[in-house]
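Reading the structure
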Amino acid sequence: MMRIGVFVCHCGENIGKTVDCPTVAKEAIKLPNVVYSIDYKYMCSDPGQNMIKQAIAEHKLNAVVVASCSPHMHEKTFRKACAQAGLNPYMCEIANVREHCSWVHDNVEEATKKAVDLIRMTVERIKFNFPLSEIKVPITKKALVIGGGISGIQAALDIAGAGFKVILVEKEPSIGGHMSQLSETFPTLDCSQCILTPRMVEAYQHPNIKLYTYSEVDNVDGFIGNFKVTIRKKARSVKENLCTGCGLCVQKCPIKKAPSEFDEGLANRPAIYVPFPQAVPNIPVIDRTVCTFFKTGKCQMCKKVCGRDAIDFEQKDELITEDVGAIIVATGYKLYKIDKKSKDAAVKGYGEYGYGKYKDVIDGLQFERIASASGPTAGEILRPSDKKQPKKVVFIQCVGSRDPSKGFEYCSKICCMYTAKHAMLYKHKVHDGEAYVFYMDIRAGGKGYDEFVRRAIEEDHVKYIRGRVSRVYEKKGKYIVKGEDTISGVPVEIEADMVVLATAIVAQPEAAKLAQTLGIPYDKYGFYAEVHPKLRPVESSSGGIFLAGACQSPRDIPESVAMASAAASKALVLFGNEMLEREPIVAKVNENTCVGCFYCKKVCAYNAIELKEIKDKKGNLVKVVASVNTGLCQGCGTCNATCPSKSIELIGFNDEQIFYQIKAL
Amino acid sequence: MADIISIARGVFENKKADILIGYTKATSEGRTRPVIVRSADEVQNLVLNSSCLNNLATYLTRKENKGKKVAIVAKGCDIKSIVQLIAESQIKRENVYIIGVKCNGVKRSFEGEDSKKIAEKCLNCNVRTPHLADETVDMSDEGLTGKDEKAELIEKLDSMSAEERFAFWEEQFEKCIKCYACRQACPLCYCERCIADKSMPRWVESSPTKRGNFAWNIVRAFHLSGRCIGCNECERVCPAGIPLSLLNRKMVMVAKSEFGYESGMSADAPTLIGTYDLKDKEEFIK
């Protein structure tokens, strides 16, 4: 015999203002099997929860209906309270009388009636509830970190430091990411490599971190706590176990003129190369697209000079599988290349700025390399075309950012700060030089950020002009920057020696593909989506997959590092448990009636449907039916809606529960 | 070209199949009926002509035929349902030997005026030469002609208001006697326990009431959307004369116009339900 208690919450005025809660409680007690009902100002408060616990004991309740806010908010709270009173938590259901009623109506009488209806429906439904227990799944206490930039390194170090194994996968030949290319970092102007390289080395040497560079994630199967990852270790053409990193091959390589990725095309590198001197690992890679041997079958100079016989022209991509329990995605960003026409037709580009046409019109990362002591000019500010010191430099912000008509709607966030830094670095190195910055707004929210920009303006005398640039063109060896000063309302024309464009931060070109491999959502720009922008900012909606750094949206270094540690702590929360407890709200197949059309498998977004062979006692195959992997199933119910014969049900939302809930209306 | 009898004999002599599903003469003049032939000695009664209306694919999923290697006489439209059955894991391609019929159209009905007209589904047929077959057989061209009256009706229904359309279907479904002949004839209604027979809880009322009739016919139309290949057997066998093709053909039209999808053409093609594409139209979401 079901003994149901109904608890009506006022939610302060949220419900109480539109729904007459005492009347609702009085009506609820009249419903069949309801033996107790009461209303209270805040049911979720401690006294409110205690009322439920007491009522369960005093009235021997075996089911509880709480009429309150959305189950999203407090279902867990009330189920826990019930569990504390000795009731199975799944014998507690919420009737949503806030979002579904009080918030969307204003007529008290009708809203009150509707609240009673909603409760009656839930009461009818709960009669078909049955006790459920959490599903327990084992956890592989090892993490995969995708991306070896500062975010990935930080996340890997944090997890490794807590005593768990980490697989760190980086697609480039060295870890370090974009941070290794930067000269100084805002707002403290400390040398980027000086603070980064110790971290790189620490990650490389850490006994708990296994590093795969020049590698990519090919495939991911499984689910939270139990992922199976396939890593493609691309052919480096150098045997890592033999190479000592002496660098002789790099010196002797006859190809000298391949554009250096690390120097953003401002310098050249050989066909066999280490991206930069502090690269980790310090093992060269052969760029097969430019190597003479791979193009003509002749040369082998590197092989001849290598004393360790480490060169392997035959090397092939290697596929490695690893079992991991958590995945941290830290794949970073790319700068929007404005000279190339975007695949996205909405992004029209900025041909009028002459990027790609004039050698001295460069982007932010190129300026970083020019300003960097490890760069092609050894830190001296020289313009690319004639290696002369530019006396007048114009910096243009928001090239592609905040521009719905030609670029992207979003703000790239870091450009205001790095442009101020660029202008400041330039002024520090070229004392008699002039620096101009065209900006839309200065967005310098952050610790010490606004002070930094003020310093650029006030102490280093960088000239900030509020306005857009319409055109950059060459005239007698100068670059004429035509713009508008919108504060004084006059057109501006500057004869510059060099122009630096703060181009938009965009997602990695392969971001969407990786998201599909991982099964995580991404936005229209290719940035990965978090579950909740405020309360769950580093979790993807796929359990066990976390986000760090600029792959989620434009981020600066402090934010990326904070996010990485946050993501690492999320993985550690998972690893802190022996078994994973999952809500038992998962799909279940009726094997008697399933005919194996597998439409459920086709529609399942989580790959949770598997094939199961049904055999008779003699071992003969009778039929093949669908079967649910309860570790993967997220309880979305799409399979239920699709199954033509209703042979798959969601436990906790089964046919009878829903049928009688509807019927009560 | 060889006739159906010699092909069928070859099937058994060369051990291509354990049984053969084909057509034979029925007792009434001008009718045919399905027949299951089990040996070369029984093949002489097989026939193949424009009165071979049944879609024999519906017998492929019958329990008694499971696990057997089955040869089947199939017109292009029937082959579409075989393709769909393969795509939906109900049969294996290697277990079915398809004797594809090069067909110029069948009669609209066995008797009456309609027996002189070509079936409406044959008017816009794109598989007169079978698209999946192990061997083919010719069916004589009897020069049947006719108008696509249903196409005109669909257009008329489209131009109606929602209320008018509802009234139209109310009148049609009023006739339903819940005999489930539509389901039994349909090659794609292969569920062992139909939702209409589910009793705990009973989603579809079993008695032929207005509500139950609506529930049944609408559920069936939805279950066939993106799957129906338009053999039109449901409408042909309906004893109450409900124009079910109006529903099914409309669904097929929508699948084609909105998603560029046509069922029954390839067993490897992704199914309509279960395929998500960023380019999918969303205009129907209001």
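Analysis parameters
- Residues numbered from 1 in each chain as written.
- Chains lettered and ligands numbered in written order.
- Predicted model: local features only at pLDDT ≥ 70, side-chain atom pairs only at ≥ 80, totals over all residues.
- Heavy atoms only, no water.
- Helix = DSSP H or I, 4+ residues; strand = E, 2+ residues; numbered from the N terminus.
- Rg over C-alpha atoms; globule rule 2.2 N^0.38 Å.
- Buried < 20%, exposed > 50% of the residue type's maximum accessible area, 1.4 Å probe, protein only.
- Contact = heavy atoms within 4.5 Å.
- Lys, Arg positive; Asp, Glu negative; His and termini not counted.
- Charge placed at Lys NZ, Arg CZ, Asp CG, Glu CD.
- Areas by Shrake-Rupley, 256 points an atom, 1.4 Å probe, with all protein chains shown as cover.
- Pairing = 2+ DSSP bridges.
- Axes fitted to C-alpha atoms, helices over the stretch in contact; angles between N-to-C directions.
- Domains from an automatic or database assignment.
- Patch = residues over 30% accessible without salt bridge, like charges linked within 9 Å, V, L, I, M, F, W, Y side chains within 5 Å.
- Salt bridge = Lys/Arg side-chain N within 4 Å of Asp/Glu carboxyl O.
- Buried area = accessible area lost by both parts, 1.4 Å probe.
- Disulfide = S-S within 2.5 Å.
- Phe/Tyr/Trp six-rings, centres within 6.5 Å; stacked < 30°, edge-to-face > 60°.
- Polar contact = N/O pair within 3.5 Å; in protein donor to acceptor, adjacent residues only side chain to side chain.
- Nonpolar A, V, L, I, M, F, W, Y, C, P; charged D, E, K, R; others polar.
- Arc of directions from axis to C-beta.

**Brief notes about the overall build of chain B**
Regarding its fold elements, chain B presents 9 helices and 6 strands. Computed over the C-alpha atoms, the radius of gyration of chain B is 19 Å, within 12% of the 19 Å expected from 2.2 N^0.38 for a compact globule of 286 residues. Once the C-alpha set of chain B is aligned to its principal axes, its extents read approximately 60 × 45 × 40 Å. Every one of the 286 residues in chain B was classed for burial, and the buried ones make up 47%. Taking the intrachain contacts of chain B between residues at least 6 apart in sequence as the baseline, contacts between residues at least 24 apart amount to 73%. For chain B, the separation between the mean place of its 44 positive charges and that of its 41 negative charges on side chains is 4 Å.

**So, the overall build of chain A**
Of regular secondary structure, chain A possesses 17 helices and 34 strands. Sorting the 665 residues of chain A into buried and exposed places 54% on the buried side. Excluding contacts between residues fewer than 6 apart, the proportion of contacts in chain A whose partners are at least 24 apart in sequence is 69%. Looking at chain A as shown, the accessible area adds up to about 29700 Å², and 53% of this sits on carbon and sulfur atoms. Within chain A, one finds 89 positive and 76 negative side-chain charges whose respective centroids are separated by 4 Å.

**Points about the sheet that holds strand β3 (residues 63–68) of chain A**
All names here are of chain A. What the 4 strands build is an open sheet, ordered β2-β1-β3-β4; its pairing is parallel. This sheet does not close on itself; its edge strands, each paired only once, are β2 (34–40) and β4 (92–96). Recorded for the sheet is a direction-independent mean angle of 20° between the axes of neighbouring strands. For strand β1 (residues 4–9) and β2, the ladder comprises 6 bridges, and the chain directions are parallel. Looking at β2, one finds that Val6 is bridged to Ser37.

**Remarks on the domain arrangement of chain A**
If you check the domain split of chain A, you get domain 1 (4–126), domain 2 (142–234 + 317–332 + 508–575), domain 3 (248–305), domain 4 (333–506) and domain 5 (587–663). Look at where the C-alpha atoms of domain 4 of chain A and domain 5 of chain A centre, and you get two points 58 Å apart.

**Details of a nonpolar patch on the surface**
All names here are of chain A. A grouping of Phe653, Ile658 and Ile662 is seen on the molecular surface, where their side chains present a nonpolar patch of about 250 Å² in accessible area. Mapped onto the fold, Phe653 is located in the loop between β34 (648–650) and α17 (655–663). Taking the relative accessible area as the measure of exposure, Phe653 reaches 39% and is therefore partly exposed.

**As for the sheet that holds strand β21 (residues 392–399) of chain A**
Residue and element names in this part refer to chain A. Here we have 5 strands laid out as an open sheet, ordered β20-β27-β21-β22-β23, and parallel in their pairing. Edge positions in the open sheet fall to β20 (361–363) and β23 (463–466), since each of these has one partner strand only. In this sheet, adjacent strand axes meet at a mean angle of 20° when their direction is disregarded. In this sheet, strand β27 (residues 498–503) lies alongside β20 in parallel orientation, the contact comprising 3 bridges. Of the residues in β27, the one forming a bridge with Val361 is Val499. In the packing of helix α10 (residues 364–371) onto the sheet, contacts are made with β20, β21 and β27, and the angle to β20 comes to roughly 95°.

**A word on the interface of chain A and chain B**
Counting residues at the interface gives 21 residues for chain A, matched by 20 residues for chain B. Between chain A and chain B the total buried area reaches about 1800 Å² when both faces are included, carbon and sulfur atoms providing 61% of it. On the chain A side of the contact with chain B, Val595, Tyr599 and Pro644 of chain A bury the most area, a combined 32% of that side's loss. Counting across the chain A and chain B interface gives 3 salt bridges.

**Concerning the state of the cysteines**
Residues and elements named next belong to chain A. A complete count under the given rule lists 1 disulfide over all chains for this structure. Each sulfur in the disulfide pair Cys191 and Cys194 lies 2.3 Å from the other. Taking the sign of the S-S torsion, about 80° here, the bridge from Cys191 to Cys194 comes out right-handed. Given the relative accessible area of 25%, Cys191 is considered partly exposed. With no disulfide partner, Cys643 has as its closest neighbouring cysteine sulfur the one in Cys597, 6.3 Å distant.

**Some points on the pattern of salt bridges**
Applying the stated rule across the entire model yields 66 salt bridges over all chains. Among the salt bridges present, the one from Lys463 of chain A reaches Glu434 of chain A, with a minimum N-O distance of 3.3 Å. Highlighted residues: Lys463 of chain A in strand β23 and Glu434 of chain A in strand β22 (residues 434–439), separated in sequence by 29 residues. According to the relative accessible area criterion, Glu434 of chain A is partly exposed, its value standing at 27%. Here the residues in one salt-bridge network are Arg108, Asp114, Lys117, Glu120, Glu149, Lys150 and Glu235 of chain B, joined through shared partners.

**Digging into unusual backbone geometry**
The step from Phe186 of chain A to Pro187 of chain A runs through a cis peptide bond, and the omega angle for that step is -5°. Residue placement: Pro187 of chain A occurs in the loop between β8 (184–185) and β9 (190–191). In this chain, Val280 of chain A is followed by Pro281 of chain A through a cis amide linkage whose omega measures 0°. Here Pro281 of chain A is to be found in the loop between β15 (272–273) and β16 (285–286). Not every positive phi belongs to a glycine, and Asn33 of chain A is a case in point at roughly 75°. With respect to the helices and strands, the residue Asn33 of chain A is situated in the loop between α1 (21–28) and β2. Its identity as a non-glycine residue notwithstanding, Ser89 of chain B has a phi of 60°, on the positive side. Its place among the elements puts Ser89 of chain B in the loop between α2 (76–87) and β5 (96–102). Ser89 of chain B gets classed as partly exposed once you look at its relative accessible area, which sits at 41%.

**Quick look at the packing of aromatic side chains**
Residues and elements named next belong to chain B. A complete count under the given rule lists 25 aromatic pairs over all chains for this structure. Seen in terms of ring centroids, Phe166 and Phe214 are 5.0 Å apart; in terms of plane orientation they differ by 20°. Their pairing is stacked. Taken together, the positions of Phe166 in helix α5 (residues 162–173) and Phe214 in helix α7 (residues 210–224) put the pair 48 residues apart, joining distant regions of the chain. Using a relative accessible area of 16% as the deciding quantity, one classes Phe214 as buried. Ring centres 5.1 Å apart and planes at 85° place the aromatic pair Phe168 and Trp169 in the edge-to-face group. Of the two residues, Phe168 and Trp169, neither departs from the other in class, the shared state being buried.

**Focus: the pairing of strand β30 (residues 579–582) of chain A**
Residue and element names in this part refer to chain A. Residues Leu580 and Arg582 point to one face of β30 and are all buried, whereas Met579 and Glu581, pointing to the other face, are not buried. Across 4 bridges, strand β5 (residues 135–138) lies against β30 in antiparallel orientation. Across the sheet, residue Val137 finds its bridge partner in β30, namely Leu580.

**Let's talk about the domain arrangement of chain B**
Residue and element names in this part refer to chain B. We note that the domain assignment places domain 1 (4–138) and domain 2 (149–259) within chain B. One C-alpha centre belongs to domain 1, the other to domain 2; they are set 25 Å apart. Contacts between the two partners involve 21 residues from domain 1, matched on the other side by 18 residues from domain 2. Across the interface of domain 1 and domain 2, roughly 1600 Å² is buried in total on both sides, 46% from carbon and sulfur atoms. In this structure, the connection of domain 1 to domain 2 is made through 5 salt bridges. Lys150 is the salt-bridge partner of Glu120, the closest N and O atoms lying 3.6 Å from each other. There are 9 residue pairs in polar contact (both at pLDDT 80 or more) connecting domain 1 and domain 2. For the side of domain 1 that touches domain 2, the secondary structure elements donating two or more residues are α2 and α3 (120–123). A total of 5 residues in the side of domain 1 that touches domain 2 trace back to one element, the largest contributor, which is α2. Of the residues that constitute the side of domain 1 that touches domain 2, the class distribution is 5 nonpolar, 7 polar and 9 charged.

**Let's talk about helix α13 (residues 511–518) of chain A**
Residue and element names in this part refer to chain A. For α13, the full list of buried residues reads Ala511, Leu514, Ala515 and Leu518. When α13 is viewed along its axis, its buried side chains cluster within an angular range of 105° and face the same direction. Facing away from the buried side of α13, by more than 90 degrees, are the exposed residues Lys513 and Gln516. Against the buried residues of α13 lie β6 (142–146), β11 (215–223), β18 (326–329), β28 (505–507) and β29 (545–547).

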